[in-house]
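So the chains spell out like this:
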Amino acid sequence: MDTPCSGAISTVDHGLSASISALHPDIIQTHILTRLDGPTLASAGCASAQLHSLISRDQTLWSNICQSTWPSTRSPRVRQVISEFRGGHRSFFSDSFPLITTSSAASGGGDNLDRTPELISAVDFHYRGELIFSKVVEAETASGWFRCSPFRVDLLHPKDVVQTRIPYPSGDDEDACRNLAEDLTVSWIVIDPSGRRAMNLSSHRPVSVQRHWLSGEVHVRFKSVLAAGERGSSSELVTCGVVVTCGVSQGGELLQVREACLIVEDMDGMQLKGKDSLVILRRALESKRVNSGRREMEGKKRYEDYLKRKRERQERKARMEGALDILSASLIGLSTVFSIFWVTMCR
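Owing to the predicted nature of the structure, the values given are computational and were not obtained by experimental measurement. (Residues numbered from 1 in each chain as written. Predicted model: local features only at pLDDT ≥ 70, side-chain atom pairs only at ≥ 80, totals over all residues. Heavy atoms only, no water.)

**Student:** Could you give me a rundown of the overall build of the protein chain, with the residues and numbers involved?
**Tutor:** For the protein chain, the count of helices and strands is eleven helices and ten strands. A burial count over the protein chain gives 41% of its 347 residues as buried. When contacts within the protein chain are restricted to residue pairs at least 6 apart in sequence, those whose partners lie at least 24 apart make up 65%. When the accessible area of the protein chain is evaluated, it comes to approximately 19,800 Å², of which 54% is carbon and sulfur surface. (Helix = DSSP H or I, 4+ residues; strand = E, 2+ residues; numbered from the N terminus. Buried < 20%, exposed > 50% of the residue type's maximum accessible area, 1.4 Å probe, protein only. Contact = heavy atoms within 4.5 Å. Areas by Shrake-Rupley, 256 points an atom, 1.4 Å probe, with all protein chains shown as cover.)

**Student:** Describe the side chain of Lys223, listing the residues and the values that go with them.
**Tutor:** Looking at the element boundaries, Lys223 is found in strand β8 (residues 218-227). Apart from the residues lying within four places of it in its own chain, the contact partners of Lys223 are Ser203, Val207, Thr239, Cys240, Gly241, Glu265 and Tyr303.

**Student:** Kindly report on helix α4 (residues 49-57), identifying the contributing residues and their values.
**Tutor:** Along α4, the positions that sit buried rather than exposed are Leu51, Leu54 and Ile55. Buried residues of α4, seen end-on, are gathered within an arc of 90° and therefore sit on one face of the element. Of the exposed residues in α4, the ones pointing more than 90 degrees away from its buried face are Ala49 and Arg57. Each element contacted by the buried residues of α4 is listed here: α2 (25-32), α3 (38-44) and α5 (59-69). (Arc of directions from axis to C-beta.)

**Student:** Before we move on, can you summarise unusual backbone geometry with the specific residues and values?
**Tutor:** Backbone geometry at Arg128 places phi at a positive 55°, although glycine is not the residue there. With respect to the helices and strands, Arg128 occurs in the loop between β1 (118-127) and β2 (130-140). Residue Arg128 is classed as exposed on the basis of its relative accessible area, which comes to 59%. Unlike most non-glycine residues, His204 shows phi in positive territory, near 75°. Here His204 is to be found in the loop between β6 (197-200) and β7 (208-211).

**Student:** Lay out the packing of α5 against helix α7 (residues 88-96) in plain terms, naming residues and giving numbers.
**Tutor:** In a packed pair of helices, the relevant descriptors are the angle between the two axes and the axis-to-axis distance. As a packed pair, α5 and α7 sit with axes 7 Å apart at the nearest point and diverge in direction by 40°. In this view, α5 runs oblique relative to α7, as classed from their interaxial angle. Along this stretch, α5 crosses α7, giving a crossing that reads as left-handed. Residues Gln59, Trp62, Ser63, Ile65, Cys66 and Thr69 of α5 touch α7, and the partners they reach there are Gly88, His89, Arg90, Phe92 and Phe93. For the contact of α5 with α7, the class distribution of residues is five nonpolar, five polar and one charged. (Axes fitted to C-alpha atoms, helices over the stretch in contact; angles between N-to-C directions. Parallel < 35°, antiparallel > 145°, perpendicular 65-115°, else oblique. Left-handed = near helix turned anticlockwise from the far one by under 90°. Nonpolar A, V, L, I, M, F, W, Y, C, P; charged D, E, K, R; others polar.)

**Student:** Kindly report on the sheet that holds β6, identifying the contributing residues and their values.
**Tutor:** Ordered by their spatial adjacency, four strands build an open sheet running β2-β1-β5-β6, and the pairing between neighbours is antiparallel. Strands with a single pairing partner mark the edges of an open sheet, and in this sheet they are β2 and β6. Across the sheet, the mean angle separating the axes of adjacent strands is 15° when strand polarity is ignored. Looking at chain direction, strand β5 (residues 184-192) and β6 are connected through four bridges and run antiparallel. Bridged to Ile191 within β6 is Ala198. Most of the contacts of α7 go to β6, to which it runs at about 35°, and overall it touches β5 and β6. Each of β1, β5 and β6 is contacted by helix α10 (residues 274-286), which is oriented at about 100° to β6, the strand it contacts most. (Pairing = 2+ DSSP bridges.)

**Student:** Would you mind going over the nonpolar core in detail, with residue names and values included?
**Tutor:** One finds Leu155, Leu180, Leu226, Val244 and Leu262 to be the most contacted residues of the largest nonpolar core, which totals 46 residues. Those residues in contact with Val244 that sit more than four places away from it in its chain are Phe125, Val218, His219, Val220, Phe222, Val257, Glu259 and Ala260. One finds Ile28, Leu61, Cys66 and Ile82 within the second-largest nonpolar core, a separate group that totals 24 residues. (Core = buried A, V, L, I, M, F, W, Y, C linked by side-chain atoms within 4.5 Å.)

**Student:** Give a detailed account of the pairing of β8, specifying residues and quantitative values.
**Tutor:** The buried count for β8 comes to nine of ten residues, which makes it a mostly enclosed element. Pairing geometry for β7 and β8, over four bridges, is antiparallel. Across the sheet, Gln210 pairs through a bridge with His219, a residue of β8. Counted between consecutive antiparallel strands, the loop separating β7 from β8 contains six residues, among which Gly216 sits at a positive phi close to 80°.

**Student:** Give me the lowdown on α7, citing residues and values where you can.
**Tutor:** Most of α7 is tucked away: seven of the nine residues are buried. Among the residues of α7, those classed as buried are Gly88, His89, Ser91, Phe92, Phe93, Asp95 and Ser96. Among the structural elements, α3, α5, α6 (76-82), β5 and β6 are those in contact with the buried residues of α7.

Structure, rendered in structure tokens:
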């Protein structure tokens, strides 16, 4: 039996549906859809067949959404690559907006996963919602040098410095570093042009902000956790880390970005080589995206779980090494006793 409340809701829903369908499509596209952000726009596309049709076919709408969310996508090279995606900018947004938070790797063999000839990084730095700078970097990945060297993508040249309006966290005030962690956001989107997929490898907000006691440089780290997949156990994980090094300006009041790079590390803190990293990245690119609306909280929880596993792994390794040391000392002791006994018997 329907309650008066449920009947009222049904009437309101029917009225809303009728009012939307009564509007001319041009009014919906021009005056309604253009006012929505990306997640709201995607949700609106599920409300009715009419809205889905209007939203999914309007590439200009999604292009504007992508460029306002990530100014780096205004680059002609990035725009050309996105145009080759099956769903254009709409597919690019659905790939890049959710943070990588899943632990399962995509299925399939790894025979050709490392054969990605190029990776494009579209990177945007924001401080308190204002853009600091954007840059696009193209990395050639087919050479033997890249495949055999530790995976690393540098955003800046060694002599490049980006001036910012971010106050330098002076003194011993830990709150200054904590505030920087809350106010600074980084988006690092990796694009595979040949596979026509993209993903955001930044944790959006830093997982740690530390100031070096001697140089005064501020090191800001963003991390995403990925499944290694090929290395066997489901508990084998790696981190894709964005490491940002900031120094103080000549006036001593503002930060300047001196280095920003993307690296891949295993659970022992060792950097993976380019070939192994490409396999892991390709699996992550092909994996499903989960966007629950709590991406930052889930990403943070996943990183905390990763740290817990890493500590447990280190403790097991330390216990094993301790046991081996005791066994080795015991064997040496027995060997010494036997040698003394043998010498005594031979006299």
